[in-house]
Amino acid sequence: MATQEEILEGLAEIVNEIAGIPAEDVQLDKSFTDDLDVDSLSMVEVVVAAEERFDVKIPDDEVKNLKTVGDAVNYIVANS
Amino acid sequence: MTSDNRTVVVTGIGAFTPLGADAASTWEGLVAGRSGVSTLDEEWAADLPVRIAARTAVDPGEVLPRPLARKLDRSAQFALIAAREAWADAGFTAPATEDGSPIAPERLGAVVASGIGGVTTLLDQYDVLKEKGVRRVSPHTVPMLMPNSPAANVGLEVGARAGVHTPVSACASGAEAIGYAIEMIRTGRADVVVAGGTEAAVHPLPIVAFANMMAMSKNNDHPQQASRPYDKARDGFVLGEGAGVVVLESAEHAAARGARVYCEAVGQGLSSDAHHIAQPEPTGAGVARAIEQLLESTDVNPAEVVHVNAHATSTPQGDTAEIKALRRVLGDHLDHIAISATKSMTGHLLGGAGGIETVATVLALHHRVAPPTINVDDLDPEVDADIVIAEPRALPAEGSITALNNSFGFGGHNVVLAFRTI
């Protein structure tokens, strides 16, 4: 199972690929929408990429609760 | 501002075409008589009946940042690149929504069309669905494939709030977009409109579908000679891709901000054939009606017309029907009109054609040079007109001159645009 650091690193790569934000700017306290230029459509891409990378299911109903990178890391740690 | 017959001018141009990544390099290619057609050497093309096309000279992925490009269909990528060039060329440095903009967003429109829309996105995402499953279909699919996507993305880029529109009329779409934009300004609904056409349909399905209509050249062994309007051996069009965009502006608004003016966008003539879903009307009656309607609705006089950028796609029937129509309406005036078929070099950009050919027409007036028609080795004797063959030709150096740009589409749509030097 991936560590919190590995998950953050993986998410940073995904956000960089999708939104073009430098990976080092993707930190736990950053909001996907407000800080990382990830709109609701791109968030779906982030979620699908994260599911594949970390072998985890993120239900559609859960996505709205993942406001910050930290929310996503915690969800993945708890559910993978 | 409320007048319903305002003069409209062209203040900016942009192009992303098989001949170059901007308007200047495209014009250079046109005047040099360079073909943008090449062999499709991709594996997917190996077994197709048609294995040639005019791809853009530069891949849009080299121009647009990846996070932006991946959310846009290729047709919208072309349109956005050409629109950015035209917007900057017109002297605008920021979106209309920014403070200090010389144009209010409520007075700015965008009208950009394509014939087919985001067809490669649709087909590629269907492949994703079948091969990788439901979850992997991109959430951007709908905003990418919708035919109004290029117009909407250009509107977002420049901050257009007077209206964003997408008239669709197959291969007349780009011209119809520019005509629509002229009307928006003429009637007072907007002061500036970014307008043009785009197309990105180089994909096995559209190629096979057009080929099965017997509409495309199968001259696979000689790609650069395959698009040959007016030549006796022409056997169909060559598919091209790219975009052409202009900035149209009320003459009053352009003068007030001291903008450079290329020419006047005088107006449009429109008609429809009511003849056949895909065949051109062989006597050219519908096209003639569009030219007549232009002459009736504008102050264009046949004697002032010196150049026509013809629709001429290199199909046996269409090329001659258009010439018959020009002869029918313009009579002996046609003898002093230099006719160019630039599709001999760019291929046929479908809904993008009216866009890049408007850019070519505007530059022909600006430089007073008609670009050549290449590959006319044996002129069809039915072509009773003065075709500019092989070499560019100087247009009259003095006085005001007028040029027409013709575009016709499957469905029987006929659009004729008129431009005049200032």
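Structure: above.
Since the structure is predicted, the reported quantities are computational estimates derived from the model, not experimental observations.

## Looking at the overall build of chain A
Scanning chain A from N- to C-terminus turns up five helices and zero strands. Going from N to C terminus, chain A has its helices and strands arranged as α-α-α-α-α. Taken across its 80 residues, chain A has 42% of its residues classed as buried. Taking as baseline every contact in chain A between residues at least 6 positions apart, the subset at least 24 positions apart corresponds to 54%. As displayed, chain A offers around 4300 Å² of accessible surface, 48% of which is attributable to carbon and sulfur atoms. Computed over 5 positive and 20 negative side-chain charges, the separation of the two mean positions in chain A equals 5 Å.

## With respect to the nonpolar core
Residues and elements named next belong to chain B. Counting 45 residues, the largest nonpolar core has V10, I13, I178, V193, L248 and F419 as its most contacted members. Ignoring anything within four residues of it in the chain, the contact list for I178 reads A195, G196, V246, L248, G354, G355, T358, L417 and F419. If you look at the next biggest cluster of nonpolar residues, it comprises 30 residues, including F78, I81, A90 and V194.

## Some points on the packing of helix α11 (residues 285-297) of chain B against helix α12 (residues 316-330) of chain B
Residue and element names in this part refer to chain B. Interhelical geometry of α11 versus α12 gives an angle of 40° and a closest axis separation of 8 Å. Compared by their axis directions, α11 and α12 come out oblique. The two elements α11 and α12 cross, and the hand of that crossing is right-handed. Touching A285, V287, A288, I291, E292 and L295 of α11 are A325, L326, R328 and V329, all from α12. Looking at side-chain class alone, the contact of α11 with α12 contains eight nonpolar, no polar and two charged residues.

## Details of the sheet that holds strand β10 (residues 338-340) of chain B
Residue and element names in this part refer to chain B. Read from one edge to the other, the open sheet built from 10 strands follows the order β5-β4-β6-β7-β1-β8-β14-β13-β9-β10, with strand pairing classed as mixed. Because the sheet does not close on itself, it has two edges, and the strands there are β5 (163-165) and β10. For this sheet, the mean inter-axis angle between neighbouring strands, taken without regard to orientation, is 25°. The pairing of strand β8 (residues 263-272) with strand β14 (residues 413-420) spans eight bridges and is classified as antiparallel. Its bridge partner being in β14, A265 is matched across the sheet by F419.

## A closer look at helix α5 (residues 69-79) of chain A
Taken as a whole, α5(A) has its buried residues at V69(A), G70(A), A72(A), V73(A), Y75(A) and I76(A). Residues of α5(A) that are buried make contact with α1 (4-19), α2 (32-35), α3 (40-54) and α4 (60-63) of chain A.

## Observations concerning the interface of chain B and chain A
On the side of chain A, 16 residues touch chain B, which itself brings 10 residues to the contact. Summing the contributions of chain B and of chain A, the shared interface buries around 1100 Å²; its carbon and sulfur component is 42%. In terms of surface lost to chain A, no three residues of chain B exceed R70(B), R135(B) and P139(B), which account for 51% of the buried area on that side. Counting across the interface, chain B meets chain A through five salt bridges. When the shortest N-O distance is used, the salt bridge between R66(B) and E17(A) registers 2.7 Å. Applying the counting rule to chain B against chain A returns seven residue pairs in polar contact (both at pLDDT 80 or more). Of the residues belonging to the side of chain B that touches chain A, the class tally is three nonpolar, two polar and five charged.

## As for the environment of F410(B)
Residue and element names in this part refer to chain B. Of note, F410 is situated in the loop between β13 (402-409) and β14. F410 sits in the partly exposed class, given a relative accessible area of 31%. For the pair formed by F410 and G115, sequence separation is 295 residues and the distance between their alpha carbons is 9.6 Å. Setting aside chain neighbours within four positions, we find F410 in contact with A170, F210, M213, I277 and A278.

## Quick look at the pairing of β13(B)
Residue and element names in this part refer to chain B. For β13, a buried count of eight out of eight residues is recorded, marking the element as mostly surrounded by other parts of the structure. Burial along β13 is two-sided: the residues T402, L404, N406 and F408 and A403, N405, S407 and G409 are all buried. As paired elements, strand β9 (residues 305-309) and β13 share four bridges and run parallel to each other. Note on β13: the bridge partner recorded for N309 is N405. Two elements, β13 and β14, share eight bridges in a ladder whose sense is antiparallel.

## A word on the packing of aromatic side chains
Taken as a whole and judged by the stated rule, the model has four aromatic pairs over all chains. Each residue in the set F210(B), F237(B) and F410(B) is aromatic and connected to the rest through ring pairs, giving one cluster.

## A short note on the environment of P372(B)
All names here are of chain B. By secondary structure assignment, the location of P372 is in the loop between β11 (369-370) and β12 (393-394). C-alpha separation for the pair P372 and D335, spaced 37 residues apart in sequence, amounts to 17 Å. Dropping the residues within four chain positions of it, P372 is found in contact with L30, V31, G33, A341, S344, M345, V388, A390, E391 and P392.

Definitions and cut-offs
Residues numbered from 1 in each chain as written. Chains lettered and ligands numbered in written order. Predicted model: local features only at pLDDT ≥ 70, side-chain atom pairs only at ≥ 80, totals over all residues. Heavy atoms only, no water. Helix = DSSP H or I, 4+ residues; strand = E, 2+ residues; numbered from the N terminus. Buried < 20%, exposed > 50% of the residue type's maximum accessible area, 1.4 Å probe, protein only. Contact = heavy atoms within 4.5 Å. Areas by Shrake-Rupley, 256 points an atom, 1.4 Å probe, with all protein chains shown as cover. Lys, Arg positive; Asp, Glu negative; His and termini not counted. Charge placed at Lys NZ, Arg CZ, Asp CG, Glu CD. Core = buried A, V, L, I, M, F, W, Y, C linked by side-chain atoms within 4.5 Å. Axes fitted to C-alpha atoms, helices over the stretch in contact; angles between N-to-C directions. Parallel < 35°, antiparallel > 145°, perpendicular 65-115°, else oblique. Left-handed = near helix turned anticlockwise from the far one by under 90°. Nonpolar A, V, L, I, M, F, W, Y, C, P; charged D, E, K, R; others polar. Pairing = 2+ DSSP bridges. Buried area = accessible area lost by both parts, 1.4 Å probe. Salt bridge = Lys/Arg side-chain N within 4 Å of Asp/Glu carboxyl O. Polar contact = N/O pair within 3.5 Å; in protein donor to acceptor, adjacent residues only side chain to side chain. Phe/Tyr/Trp six-rings, centres within 6.5 Å; stacked < 30°, edge-to-face > 60°.

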